Amino acid sequence: MDVDTRLLRYFAAVAEEGSLTGAARRLFVSQPALTKRIRRLEDDLGVPLFARSRYGMALTEAGQELAARVPALLDGWDEAVRATARAARVLRLGFLDAGAVGAVHEVVAEFRRARPGWRVELRQADWSDPSAGLARGEVDAAVVRLPFPGEEEWDVRELFVEERGVLLPSRHPLADNGTVEFRQLWDEPFVAAGAETGAWREYWLAVKEREGHPVRVGAVAGRPDEWLGAVAAGCVALAPASAARFSSHPDVTYRPVRGVSPSRVGLARPKGRTRQAAPDELLEAIARRLSRG
C-alpha cells in the first residue's frame, strides 16, 4: 500500500498536539482541510487512528502503533530527499515576497556562474505558510519574515529590519498623507491572512499594538495579488516598506505608518542539518548580501 507522506506528516502533528486545532496551526492548514486528510489516511489504512471527543484527539491502539513509527519514517524520508538533492546538486530556497529576498537573485546568479553543476530553485510560498515551505518539507532553506509560528523549531539567523507601512486604496482620504498614524486605521477593514496562520495573522494585523481595540477584517487573502486586489476594492493592509517598490497596483498607494513595530527578515534552515560546502557557501553569501541591505 502506498501512503502519501504528507498524510503521515499531518497525522504526526495531530498525534503530538492532541488536537486538530493545534496541529492545523502548526502546519498552516485549515482545520477542515486537516480533518479531511486525517480521514483519508484512516480510509487508506482501513482503521481508525483517533478517538474523537470534545476534549481532543486521542490515539487508538492502532494509532499508537503508527505514531511510534512515523517520526523515524519521516526523518528517514526527509534525509533521503535532502541526500537526493545533494547528489543532484539542487538547493531549494523558499521565500514569501520579493521585498524580503531583495538582491538574492544577484547572489544566485553569481553562484551559478561559479558552480555551474548546481541548480538553485527559488520557490515563492503564499502567505498561508509563513515558513515559506519549511514546515511542509518543500524547501531546504527559506528567507522568512519574523516572527512566524513554530520559529523555534528552525535554525534562524536574523538578517535585516524594515519598517512596516500601510497599503491604502488610492482614493482613501489618508492616501495623501505623508505618514499615517496607526490609530487612524483602527476602524478600517483590514486584509488578513487565513485564520490557520495564528500569530502570523495577528502580527500583520498589529493586534498587540491596538490597545485592545478590535480588528475589523474586510478580506482574507494568501497571495500578493489577492492582497492588492482587496486593497484596491476598499480594504487596507499593513505591509513592509519594500512593498512600495515590489507590489504595485494603479489603485493602491503605500504610506509609512507610525505606531507599529518593524518587520524582521531572517534566513531559516532545519536544525542539525548535514553540512555541504556549496549550499552552505550560497546561503552564507545570501545572508551577507541581505544583511548589507
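I will try to describe carefully the structure that is included in this document. None of these values were measured; they are calculated from a predicted model.

Counted by the stated rule, this structure contains seven aromatic pairs. Ring centres of phenylalanine 11 and phenylalanine 50 lie 5.4 Å apart, and the angle between their planes is 50°; this geometry places the pair in the tilted category. Remark: phenylalanine 50 occurs in strand 1 (residues 50–53) and phenylalanine 11 occurs in helix 1 (residues 5–17); sequence separation between them is 39 residues. Each member of the pair, phenylalanine 11 together with phenylalanine 50, is buried. An aromatic cluster is present here, built from Trp127, Trp200, Tyr203, Trp204 and Trp227 joined pairwise through their rings. Positioned above the aromatic ring of tryptophan 204 is the side chain of arginine 164, whose terminal nitrogen or guanidinium carbon lies 5.2 Å from the ring centre. The ring centre of phenylalanine 190 lies 4.6 Å from the NZ or CZ of arginine 210, which sits over that ring.

We now examine the nonpolar core. Ranked by size, the top nonpolar core spans 46 residues in total, and within it Leu167, Phe182, Leu185 and Val191 carry the most contacts. Element by element, the count of residues in this core is highest for helix 8 (residues 224–232), at five residues. Non-local contacts of leucine 185, meaning those with residues more than four positions away in its chain, are made with Val166, Leu168, Leu174, Val180, Phe190 and Val257.

This part takes up the packing of helix 2 (residues 20–27) against helix 3 (residues 31–45). At their nearest, the axes of helix 2 and helix 3 sit 9 Å apart, and the two run at 105° to each other. Considering their axes alone, helix 2 and helix 3 lie roughly perpendicular with respect to each other. Judged by residue contacts, Leu20, Thr21, Ala23, Ala24 and Leu27 of helix 2 engage Gln31, Leu34 and Thr35 from helix 3. Residues of the contact of helix 2 with helix 3, tallied by class, amount to five nonpolar, three polar and no charged.

Below, the discussion takes up unusual backbone geometry. Both trends apply: most residues other than glycine have a negative phi, and most peptide bonds are in trans. For the bond from leucine 146 to proline 147, the omega torsion is -5°, close enough to zero to count as cis. With respect to the helices and strands, proline 147 occurs in the loop between strand 5 (141–146) and strand 6 (154–162). Its identity as a non-glycine residue notwithstanding, glutamate 211 has a phi of 55°, on the positive side. On the secondary structure map, glutamate 211 appears in the loop between helix 7 (199–204) and strand 10 (217–220). What makes glutamate 211 exposed here is its relative accessible area of 62%.

Residues Ala237 and Ala239 point to one face of strand 11 (residues 237–240) and Leu238 and Pro240 to the other, with burial holding for every one of them. Strand direction decides the pairing type here: strand 7 (residues 164–169) and strand 11, joined by four bridges, are antiparallel. Pairing of valine 166 across the sheet is with leucine 238, part of strand 11.

Below, the discussion takes up the sheet that holds strand 6. Read from one edge of the open sheet, five strands run 4-3-5-13-6, paired in mixed fashion. Across the chains shown, the open sheet's two edge strands, defined by having one partner strand only, are strand 4 (119–124) and strand 6. On average, each strand axis in the sheet is tilted by 20° relative to the strand beside it, whichever way the strands run. Where strand 5 lies against strand 13 (residues 263–270), five bridges are found, and the strand directions are antiparallel. Following the sheet pairing, arginine 145 is matched in strand 13 by valine 265.

When you line up the elements, valine 156 lands in strand 6. A relative accessible area of 25% means that valine 156 is categorised as partly exposed. The spacing of valine 156 and alanine 230 is 74 residues in sequence and 32 Å in space, taken between C-alpha atoms. Discounting chain neighbours no more than four positions away, the residues touching valine 156 are Leu146, Glu151, Leu267 and Ala268.

Reading the values: the criteria
- Residues numbered from 1 in each chain as written.
- Predicted model: local features only at pLDDT ≥ 70, side-chain atom pairs only at ≥ 80, totals over all residues.
- Heavy atoms only, no water.
- Phe/Tyr/Trp six-rings, centres within 6.5 Å; stacked < 30°, edge-to-face > 60°.
- Helix = DSSP H or I, 4+ residues; strand = E, 2+ residues; numbered from the N terminus.
- Buried < 20%, exposed > 50% of the residue type's maximum accessible area, 1.4 Å probe, protein only.
- Lys NZ or Arg CZ within 6 Å of the ring centre and 35° of its normal.
- Core = buried A, V, L, I, M, F, W, Y, C linked by side-chain atoms within 4.5 Å.
- Contact = heavy atoms within 4.5 Å.
- Axes fitted to C-alpha atoms, helices over the stretch in contact; angles between N-to-C directions.
- Parallel < 35°, antiparallel > 145°, perpendicular 65-115°, else oblique.
- Nonpolar A, V, L, I, M, F, W, Y, C, P; charged D, E, K, R; others polar.
- Pairing = 2+ DSSP bridges.

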